[in-house]
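Coordinate analysis (summary)
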Amino acid sequence: MIELSIDGVKTRVEEGATVLDAARTMGIVIPTLCHYPGLSNYGECRVCMVEVKGKKSSLEASCTMPVEPGLEIVTNSPRVRKARKMVVELLLSACPKSKKLQDLAAAMGVNQVRFKIKEKNCILCGRCVRYCEEQMQSGGIGFIGRGTGRKVGTAFGEMPKECRHCGGCEWVCPVCEQACNANSLVNGICGGCLNLAVVETCPVCVKCSEAVGPRGHKTY
Ligand code: SF4
Ligand code: SF4
């Protein structure tokens, strides 16, 4: 067993667990996007960042960081919150119609997107690619291209013969999951579900890292 401290509380978890696993066993809420149960960890979206304390503290993706003896992790410091908000803003600039992202933004108190909006309908989280490969053993889809041209696709843009038509790639996609169709984006943020309302703090706040939305306690 490995002993580490998360948010000032010591815990012991099995070797091989990630910091995200350890935090979740303690009931600590860390938002995730590219992480998906049953799929390998990817660490691409960076929304699950936590602060690793030490001589030089650093921000790390908790879903890919293995636990180590003596680690001191902070999951909800101002630095962590600021970094996560920046990530969500960036992702929203690529997928402003994703309800999942808009909800995440609302829960975190993001009320504007300062990046240029270029709708891509994909945040390159790789859930679909990993699902296809790891669960369906198909490999019909994959990443194509580099840099800003990187996208998910099939070889030569054709229906792959390996595809088993399971629909899983769409099912696991956090962007396809539910489209925001309120059509009322203001600075990249949709106000259709009262997302622009001020994020409140719980009157009995114990700094659990959950966010309280305008309609009561809400987790992301
Ligand atoms: S529908 Fe085809 S491409 Fe999509 S996950 Fe299933 S096998 Fe892969
Ligand atoms: S299509 Fe969806 S699941 Fe696949 S990488 Fe893009 S956002 Fe992720």
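To keep things clear, this report deals only with the structure shown in the data block. A quick note: this is a predicted structure, and the numbers were derived from the prediction, not measured.

1. Regarding the pairing of strand β2 (residues 9–13)
Taken across its five residues, β2 has zero buried, putting it largely on the surface. Relative to β2, strand β1 (residues 2–6) runs antiparallel, the two being bridged by five bridges. Bridge pairing links Ile6 to Val9 in β2. Counting the residues that bridge the hairpin from β1 to β2 gives two residues, and of these Asp7 lies at a positive phi of roughly 50°.

2. As for the site of ligand 1
As a matter of local geometry, ligand 1 sits amid 13 residues, with Cys132, Gly140, Cys163, Cys166 and Cys169 nearest to it. Of the residues contributing to the shell around ligand 1, the split by class is seven nonpolar, five polar and one charged.

3. Some remarks on the sheet that holds strand β4 (residues 58–61)
Pairing between sheet strands relies on hydrogen bonds along the backbone, with the strands arranged either parallel or antiparallel. Read from one edge to the other, the open sheet built from five strands follows the order β2-β1-β5-β3-β4, with strand pairing classed as mixed. Here the strands that pair on one side only, and so sit at the sheet edges, are β2 and β4. Adjacent strand axes in the sheet meet at a mean angle of 40° when their direction is disregarded.

4. Thoughts on the environment of Gly153
Note on placement: Gly153 falls in strand β7 (residues 151–153). C-alpha of Gly153 to C-alpha of Phe143: the two residues are 10 residues apart in sequence and 6.2 Å apart in space. In this structure, Gly153 is in contact with Ile141 and Ile144, ignoring residues within four places of it in sequence.

5. Considerations on the packing of helix α2 (residues 78–94) against helix α3 (residues 99–108)
Closest axis-to-axis distance for the α2/α3 pair is 10 Å, and the angle between their directions is 150°. Looking at the two axes, α2 sits roughly antiparallel to α3. Crossing angle aside, the handedness with which α2 passes α3 is left-handed. Contacts between α2 and α3 involve Arg84, Lys85, Val88, Leu91 and Leu92 on the former and, on the latter, Leu101, Leu104, Ala105 and Met108. Here the residues of the contact of α2 with α3 sort into seven nonpolar, no polar and two charged.

6. Points about the nonpolar core
By size, the foremost hydrophobic cluster in this structure holds 48 residues, and its most contacted members are Val19, Cys45, Val88, Leu91, Ala105 and Cys128. Contributing elements (two or more residues each) for this core: α1 (19–25), β3 (49–52), α2, α3, α4 (127–135) and β9 (189–190). Counting only domains with at least three residues in this core, you end up with domain 1 (2–114 + 188–218) and domain 2 (127–171). The residues contacting Val88, other than those within four sequence positions of it, are Val47, Leu101, Leu104, Ala105, Met108 and Val110.

7. Topic: unusual backbone geometry
Its identity is not glycine, yet Asp7 carries a phi of approximately 50°, on the positive side. Here Asp7 is to be found in the loop between β1 and β2. Of note in the backbone geometry, Asn121 takes a positive phi value of approximately 55° without being a glycine. Mapped onto the elements of the fold, Asn121 is located in the loop between α3 and α4. Using a count of 15 C-beta atoms within 10 Å as the deciding quantity, one classes Asn121 as partly exposed.

8. What about α4?
What α4 keeps buried is the set Arg127, Cys128, Val129, Tyr131 and Cys132. Where the residues of α4 are buried, they touch β6 (142–144), β7 and α5 (168–171).

9. Details of α2
With 17 residues, α2 ought to run about 24 Å at 1.5 Å a step, and its terminal C-alpha atoms sit 25 Å apart, in line with that. Buried residues belonging to α2 abut β3, β4, β5 (72–74) and α3.

Procedures and definitions
In this convention, every chain numbers its residues from 1, walking through the sequence in written order. By the order in which they are written, chains take letters starting at A while ligands take numbers starting at 1. For a predicted model such as this one, the threshold for reporting local features is a pLDDT of at least 70, and the threshold for listing and counting side-chain atom pairs is 80 or more; totals across whole chains, interfaces and linings nevertheless cover every residue. Counting other C-beta atoms within 10 Å of a residue's own tells you its class, since 20 or more makes it buried, 12 or fewer makes it exposed, and anything in between is partly exposed; those C-beta atoms are placed from the backbone. Secondary structure elements follow DSSP: runs of H or I of four or more residues count as helices, runs of E of two or more count as strands, with numbering from the N terminus. At least two DSSP bridges between two strands are needed for those strands to be called paired. Residues are counted as near a molecule or strand when the C-beta atom, derived from backbone positions, lies within 6 Å of that molecule or strand. Each residue gets one of three labels, nonpolar for Ala, Val, Leu, Ile, Met, Phe, Trp, Tyr, Cys and Pro, charged for Asp, Glu, Lys and Arg, and polar for the others, Gly among them. To get an axis, a line is fitted to the C-alpha atoms, and for a helix only the part in contact is used. The angle between two axes follows their N-to-C directions and goes from 0 to 180 degrees. Each residue gets a C-beta atom placed from its backbone, and two residues are in contact if those atoms lie within 7 Å. For this classification, under 35 degrees means roughly parallel, over 145 means roughly antiparallel, 65 to 115 means roughly perpendicular, and everything else is oblique. Two helices that cross are described as forming a left-handed crossing if the nearer one is turned anticlockwise from the farther one by less than a right angle, and a right-handed crossing if clockwise. The term nonpolar core means buried Ala, Val, Leu, Ile, Met, Phe, Trp, Tyr and Cys residues held together as one set by C-beta atoms within 7 Å. Either an automatic procedure or a domain database provided the assignment from which the domain bounds are taken. Helix span, expected: 1.5 Å multiplied by one less than the number of residues in the helix.

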